[in-house]
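An overview of the molecular structure
Chain residues, written in single-letter form:
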Amino acid sequence: MTRVTEHGGGVWSLEVPIPDNPLGNTLVHVLDTGRGPVLVDTGWDDPASWKALSDGLGELGLAVADVHGVVVTHHHPDHHGLSGKVREASGAWIAMHAADIAVVRRTRDAPPGSWLGYLTGKLAAAGAPEEHLAPLLAARESGRMRTLPGLRAALPDREIAPGELLDLAGRRLRAVWTPGHTPGHVCLHLEEDHPANLPGRGRLFSGDHLLPGISPHIGLYEDPDDATVTDPLGDYLDSLERVGRLGAAEILPAHQHAFTDAPARVRELLAHHEERLTGLLALLAAPLTPWQLAERMEWNRPWDEIPYGSRTIAVSEAEAHLRHLVKLGRAEAVAGSDPVAYIAAAG
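Reference entry: report on the structure contained in this document. All residue numbers refer to positions counted from 1 along the written sequence of the respective chain. Per-residue local features of the predicted model are confined to residues with pLDDT of at least 70, and side-chain atom pairs are confined, for both listing and counting, to 80 or more; whole-chain, interface and lining totals are unaffected and use all residues. Working from all heavy atoms in the structure, the side-chain values ignore hydrogens and water.

Helix numbers and strand numbers start at the N terminus; a helix is a DSSP run of H or I with at least 4 residues, a strand a run of E with at least 2. Each helix and strand in the protein was counted, giving ten helices and 13 strands. Scaling as 2.2 N^0.38, a compact globule of 347 residues should have a C-alpha radius of gyration of about 20 Å, and the protein matches this with 21 Å. Relative accessibility decides the category of a residue: with a 1.4 Å probe and only protein chains considered, values under 20% of the type maximum give buried, values over 50% give exposed, and everything between is partly exposed. Residues classed as buried in the protein amount to 48% of the 347 residues present. Total accessible area computed for the protein in this model is approximately 15,600 Å², and 52% of it derives from carbon and sulfur atoms. Two things to know: the radius of gyration comes from C-alpha atoms, and the globule rule equals 2.2 Å times the number of residues to the power 0.38. With residues, only the protein chains shown are counted as cover, and all accessible areas are computed by Shrake-Rupley using a 1.4 Å probe.

Below, the discussion takes up the nonpolar core. Put simply, buried Ala, Val, Leu, Ile, Met, Phe, Trp, Tyr and Cys residues joined by side-chain atoms within 4.5 Å make one nonpolar core. L210, L284 and L293 are the most contacted members of the largest nonpolar core, which has 45 residues in total. Of all the secondary-structure elements, those providing two or more residues to this core are α5 (114-125), α6 (130-142), α7 (232-246), α8 (262-283), α9 (290-296) and α10 (308-327). Contacts are assigned to residue pairs that have any heavy atoms within 4.5 Å of one another. In this structure, L293 is in contact with L280, L283, L284, L288, A318 and L322, ignoring residues within four places of it in sequence. Within the second largest apolar cluster, 21 residues are counted, among which are V64, V72, V86 and A92.

With that out of the way, let us pick up the pattern of salt bridges. Any carboxyl oxygen of Asp or Glu within 4 Å of a side-chain nitrogen of Lys or Arg constitutes a salt bridge here. Scanning the model with the defined rule gives 14 salt bridges in all. Across the salt bridge formed by R172 and E191, the nearest N and O atoms sit 3.2 Å from each other. Taken as a pair, R172 in the loop between β7 (158-160) and β8 (173-177) and E191 in the loop between β9 (186-190) and β10 (203-207) lie far apart in primary sequence, 19 residues in all. By relative accessible area, which is 21% here, E191 ends up partly exposed. Members of the salt-bridge network, linked through shared partners, are R172, R174 and E191.

Of all the residues in helix α3 (residues 83-90), the buried ones are S83, G84 and V86. End-on view of α3: buried residues confined to an arc of 160°, all on one side of the axis. In the core, the buried residues of α3 are packed alongside β4 (38-40), α1 (47-59), β5 (69-71), α2 (77-80) and β6 (93-97). Backbone geometry just downstream of α3 places G91 in the positive-phi region, at approximately 80°. To obtain the arc, one takes the directions from the helix axis to the C-beta atoms.

Next up on the list: the sheet that holds strand β3 (residues 25-31). Sheet strands pair by backbone hydrogen bonding; their relative direction is either parallel or antiparallel. For two strands to count as paired, DSSP must find a minimum of two bridges between them. Strand order in the open sheet formed by seven strands is β1-β2-β3-β4-β5-β6-β7, and the pairing between neighbours is mixed. The open sheet has two free edges, formed respectively by β1 (4-6) and β7, since each of these has just one partner strand. Taking the axes of each pair of neighbouring strands and ignoring which way they run, one obtains an average angle of 25° across the sheet. As paired elements, β4 and β5 share three bridges and run parallel to each other. Pairing of L39 across the sheet is with V70, part of β5. Axes here refer to lines fitted to C-alpha atoms; in helices the fit is confined to the stretch in contact. Angles between the N-to-C directions go from 0 to 180 degrees. Lying on the sheet, α3 is in contact with β4, β5 and β6; it crosses β6 at an angle near 150°. Running at roughly 110° to β6, helix α4 (residues 98-109) makes contact with β6 and β7 of the sheet.

Turning to the side chain of H321, a few remarks are in order. Here H321 is to be found in helix α10. The buried category is assigned to H321, whose relative accessible area is 0%. In terms of polar contacts, H321 uses its side chain to reach the side chain of H273, at 3.4 Å. Polar contacts here mean pairs of N or O atoms no more than 3.5 Å apart (in protein, one a potential hydrogen donor and the other a potential acceptor; neighbouring residues in sequence count only if both atoms are side-chain atoms).

With that out of the way, let us pick up the packing of α8 against α10. At a closest axis distance of 11 Å, the pairing of α8 and α10 adopts a crossing angle of 85°. Taken as axis vectors, α8 and α10 run roughly perpendicular relative to one another. Here H273, R276, L277, L280 and L281 of α8 come into contact with α10, specifically with E317, H321, H324 and L325. Relative orientations are named as follows: roughly parallel for angles under 35 degrees, roughly antiparallel for angles over 145 degrees, roughly perpendicular for angles from 65 to 115 degrees, and oblique for any other angle.

Looking at where S310 falls in the secondary structure, it is placed in helix α10. We classify S310 as partly exposed; its relative accessible area is 32%.

What follows covers the packing of aromatic side chains. Aromatic contacts are taken between Phe, Tyr and Trp rings whose centres are within 6.5 Å, Trp giving its six-membered ring; a plane angle under 30 degrees counts as stacked, one over 60 as edge-to-face, and the others as tilted. Taken as a whole and judged by the stated rule, the model has one aromatic pair. The criterion is that NZ of a Lys, or CZ of an Arg, lies within 6 Å of the ring centre and within 35 degrees of the ring normal, and then a charge sits over that ring. Geometry around W299 places R276 over its ring, the cationic atom sitting 4.7 Å from the centre.

With an omega of 0°, the peptide bond between D338 and P339 qualifies as cis. Relative to the elements of secondary structure, P339 occurs in the loop between β12 (331-333) and β13 (342-344). Of note, D20 is a non-glycine position whose phi angle comes to about 55°, a positive value. By the secondary structure assignment, D20 is in the loop between β2 (11-17) and β3.

So this is what it looks like as C-alpha cells:
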C-alpha cells in the first residue's frame, strides 16, 4: 500500500519508490485545485513506481485520469520520470522551467552514444584513470546508453517563469527559481495561510533544493554545446539565501519529510558548504586534478568503497566546488598542466 500523508488545506504527499536507490522514494505532492488535482513531480518511470502513484491517488478517491496538470521541480528522472505516462492517461499539461526543458530537449535529440562520448572526454580532462574510462567507452560501442533513464523523457508543454503565479484555479502557487541542483530547478511557494496556523508565509514545495537531512548534489551543469563558464554552487548558495528569506511556515520537500524553520536549515547548509570549501583549499596546498581532489574529499564512505557511478557524480561535485573557488579568486588553474590541476591562490 502506498503511504499517503495529508498535510491539510488540500495537499497530500504520496511515497513513490525509486528503484535501487538509497533515497528510497520521491514524495509526489497532490494539490487540489478548482480544475482537478495537480501533481508536484511524478516519480521514477518504473512499473512499481507507477503502481504506487496510481494506488496513492486511489486512496484519495482519484485516478491518474483525473490529473489536471503536473508541475515538475526539475528534470531528474525521480521527479519527471512518470510525467509522460500521466499526460498520456489524463491529458494533463506538464510545466517546467525553460532551462530544464532545454536539458530534456537536448537529451531527447542527441544521437545515441553522444552523451557517453562527451562524458568520457570530460572525465579524461578531469584526470580520471583509464580503468574508469574503459567501461564508458565499451558502453558507447555496445549501444547500452539507449537503456539509461531520461533519454526519452516527456517534453513539457508549459514553461514556468520565475516569480510566476501559476494558473491554478483557487490556489496561489508562485514559482521561485532556485538554480544549483539543476539549472532550472524551481521551488513552489503556496501563498496561502497554513492550515494549522503555523507562523510564517504559507508553505514551500522545495523539490531537492532544501531537504531536512541531506545536502543535494551540486555538480557542473552539463551542456556539451555551451562553453559558458557557469557556477552551479554559487547559484545554489544564492538560491538558498533567497529561499530562507521567504519565511515559509513549512517546507514540503521531495524526499524525507516535511519540516519547519527553513532559515535554520539554510544556515546549516551554508555553513556546510563553507566548511567544505575551506577543507578543499587545505587540500589544494599542492596541485590536484579534479579527480585527485574528489579522491581526497570527505564523502559518506571511503573512496575505495564508493560505487563506480557515484565516483563520476563525486568528481562533478568536486569540479563545481573548484569552479566556485576559482570564481572567488581563492584557487587557480596551474598553467600548462594536462589534465588541468588546481592549486590554492596565493594570499
